[in-house]
Amino acid sequence: MTPDTTTDVAILALAVTGILIAFTVIGESLRMRLPQGQTNPVVEAFNMRVHTWWGLAILLTLAILAGRIGIILLFAFASFAALREFLTFARKRRADHLSLALACFVILPLQYLFVGLDWTALFTVFIPVYAFLLLLIVSALRGDPTGFVGRVAETQWGLMICVFCISHVPALLTYDMPDGSDRSILLIVFLAMVIQLGDVAEYYAGRKFGKRRVAKELSPKTLEGMACGVLTAALIGAVLSWVTPFGALGAAAMAALASLTGMLGSLVFAAIKRDKGVKDWSHLIPGQGGLLDQLDSVIFAAPVFYHVTVWVFG
Amino acid sequence: MTDLASLPRRIAARAVGHALAFVARFITAVRADWRGIEPVARQRVYFANHVSNADMPMIWTVLPSHMRRQTRPVAAADYWLKTRLRAFVGPEVFNCVLIDRRPDARTSDPMEAILAALDEGSSLIIFPEGNRNMTDDPLLPFRAGLYNMGRARPHVDLVPTWVANLNEIMPKGEVIPLPLICTVTFGAPIHVKEGESKDDFLKRAAGALLELAPKPRPDEARPAPAEQPQ
């Protein structure tokens, strides 16, 4: 990293630390205002969320300090954990064993290798074209037709979501900044921050004055809450525009786009969880469910954010 | 002197144990659900369902180290003594109580070895089905061993222990384990009641174990994906 980029990483890290300290203080003082022996689930949920953010922020900072390889490894392991959660609940039979093992131990590492090597032409089509066809063949060769389309559809969907989509976060590293600097690593921080802060604004604004539910059967998300969330994300995006090549207005628009796709993505995940009859994907993060529960917005936002960045500003 | 000579072996056994637990956690994120008991080092016999050779390492992995140290899996001598590597992993890493499954060939009574291990204060892990379950039924009929242990040492808690998902993680005949989430659920302890017959007790024990199995999800209960048209 050039000294300029390092300075910017340090400034961002300080800003994130400041925000998290503020959140921690708010959470703890809300806790203290309650009478002895009582707890409020909303306050506890907020404190739990802040704890998770500390963890995520520390992990992401360490990965950024380790550079390109650190980021790629971090998201490769995130993909692995997410795929593990998704496949646990996916429809599958004995005949799928080999194709699922290939997905986890061959396709996933290869995808991240291609991202790491900056082979854009390959990592954007590797899973949708090659893995898509190969795994169908491997499953078919084992010759069990029971529920075939359903089985391979769930496997393929898991691979797209957990590997292809998540790998588009580190894929931002391969984006060549217009000024030729190595600051594209900061776009990852930009994406993570606008989505997380947009989500939190959506959640609390929705609780406070949300009225019209967007999908009553699935999720408590409201139009009012989502509007607040997207606006907050746009505002944060504008404030952070100095780390992006988008300019203030462009950064606000990109942040709003990422935040909106993310929220709609977590709606899709709510539908899947409802279908599978699970509340949380796993117990990986104590009190917060699994990794997929945390990443659902990022999963949907990352590929869209990546492509718009490359096609509009590339 | 023998102690000194075996020190490197014991260190190696501890290291291999940690490595196995790490691999188990990496592949399956295995997690204990302490539904009926607390994770404390009481003397117990954990009796579990058996679908895969990885069952025992899974239970062993989720036990906290203070419990792991006093827990010994009961395992088949003919399996664990077959190669030198297994003879190291079974008796030394897992500290197995080895018993001979072949009634005609054995020289000692397996129940004697089991009771001796209980009398030294160890907890045990046993698989009362005797063999790996390759059928579609959730459990095979239990062998008498569990009943005999419960009768002979009535103060020991018999804890039903359900290992979920392993038949999908590593079905028989597959070499590569799939990364799927595994959960080990510990139920409430049971004891042999005064005057309870062997069959009644074994039925009750199997029932207590089955109760811990996750309910089939709605989309699996359906034989084929038959979505209703809107």
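Here is what the cut-offs are and how they apply
- Residues numbered from 1 in each chain as written.
- Chains lettered and ligands numbered in written order.
- Predicted model: local features only at pLDDT ≥ 70, side-chain atom pairs only at ≥ 80, totals over all residues.
- Helix = DSSP H or I, 4+ residues; strand = E, 2+ residues; numbered from the N terminus.
- Rg over C-alpha atoms; globule rule 2.2 N^0.38 Å.
- Buried ≥ 20, exposed ≤ 12 C-beta atoms within 10 Å, placed from the backbone.
- Axes fitted to C-alpha atoms, helices over the stretch in contact; angles between N-to-C directions.
- Parallel < 35°, antiparallel > 145°, perpendicular 65-115°, else oblique.
- Left-handed = near helix turned anticlockwise from the far one by under 90°.
- Contact = placed C-beta atoms within 7 Å.
- Nonpolar A, V, L, I, M, F, W, Y, C, P; charged D, E, K, R; others polar.
- Domains from an automatic or database assignment.
- pLDDT = per-residue confidence, 0-100.
- Pairing = 2+ DSSP bridges.

Here's the deal with the overall build of chain A
Part 1 of the reasoning: Check the secondary structure of chain A and you find 11 helices and 0 strands.
Part 2 of the reasoning: Sequence-ordered secondary structure for chain A, helices as α and strands as β, is α-α-α-α-α-α-α-α-α-α-α.
Part 3 of the reasoning: Here the C-alpha atoms of chain A give a radius of gyration of 20 Å, agreeing with the 20 Å that 2.2 N^0.38 yields for 314 residues.
Part 4 of the reasoning: Within the span of chain A, comprising 314 residues, buried residues form 41% of the whole.

Comments concerning the packing of helix α3 (residues 68–89) of chain A against helix α11 (residues 291–313) of chain A
For any two helices packed against each other, the geometry comes down to the angle between their axes and how far apart the axes lie.
Residue and element names in this part refer to chain A.
Part 1 of the reasoning: Packing of α3 against α11 brings their axes to within 10 Å, and their N-to-C directions diverge by 115°. For the element pair α3 / α11, the angle class is roughly perpendicular. Here α3 and α11 pass one another in a crossing that is left-handed. Mapping the contact onto sequence places Ala78, Ala81, Ala82, Glu85 and Phe86 in α3 and Leu291, Leu292 and Leu295 in α11.
Part 2 of the reasoning: Grouping the constituent residues of the contact of α3 with α11 by class yields 7 nonpolar, no polar and 1 charged.

Some words on the domain arrangement of chain A
All names here are of chain A.
Part 1 of the reasoning: Taken domain by domain, chain A holds domain 1 (1–66), domain 2 (79–174) and domain 3 (182–314).
Part 2 of the reasoning: The distance between the C-alpha centroids of domain 1 and domain 3 comes to 18 Å.
Part 3 of the reasoning: Facing 11 residues of domain 1, the contacting portion of domain 3 comprises 12 residues.
Part 4 of the reasoning: For the side of domain 1 that touches domain 3, the elements supplying multiple residues, two or more each, are α1 (3–33) and α2 (41–66).
Part 5 of the reasoning: The greatest single-element share of the side of domain 1 that touches domain 3, amounting to 5 residues, is contributed by α2.
Part 6 of the reasoning: Of the residues in the side of domain 1 that touches domain 3, the class split is 7 nonpolar, 3 polar and 1 charged.

Notes on the confidence of the model for chain B
Part 1 of the reasoning: Taken residue by residue, chain B gives an average pLDDT of 86. The fraction at 70 or more is 91%.
Part 2 of the reasoning: The ipTM for the predicted assembly is 0.83, set against a pTM of 0.88.

A look at the sheet that holds strand β5 (residues 123–126) of chain B
All names here are of chain B.
Part 1 of the reasoning: In space, the 7 strands of this open sheet follow the order β1-β7-β6-β2-β5-β3-β4, with mixed pairing throughout. Only two strands of the sheet have a single partner each, and these edge strands are β1 (31–34) and β4 (97–99). Recorded for the sheet is a direction-independent mean angle of 25° between the axes of neighbouring strands.
Part 2 of the reasoning: Bridge count between strand β3 (residues 71–76) and β5: 3 bridges; the pairing is parallel. What sits directly across from threonine 71, in β5, is serine 123.
Part 3 of the reasoning: Contacts from helix α2 (residues 55–62) reach β1, β2 (44–48), β3, β5, β6 (157–164) and β7 (183–186), with the element oriented near 110° to β6.

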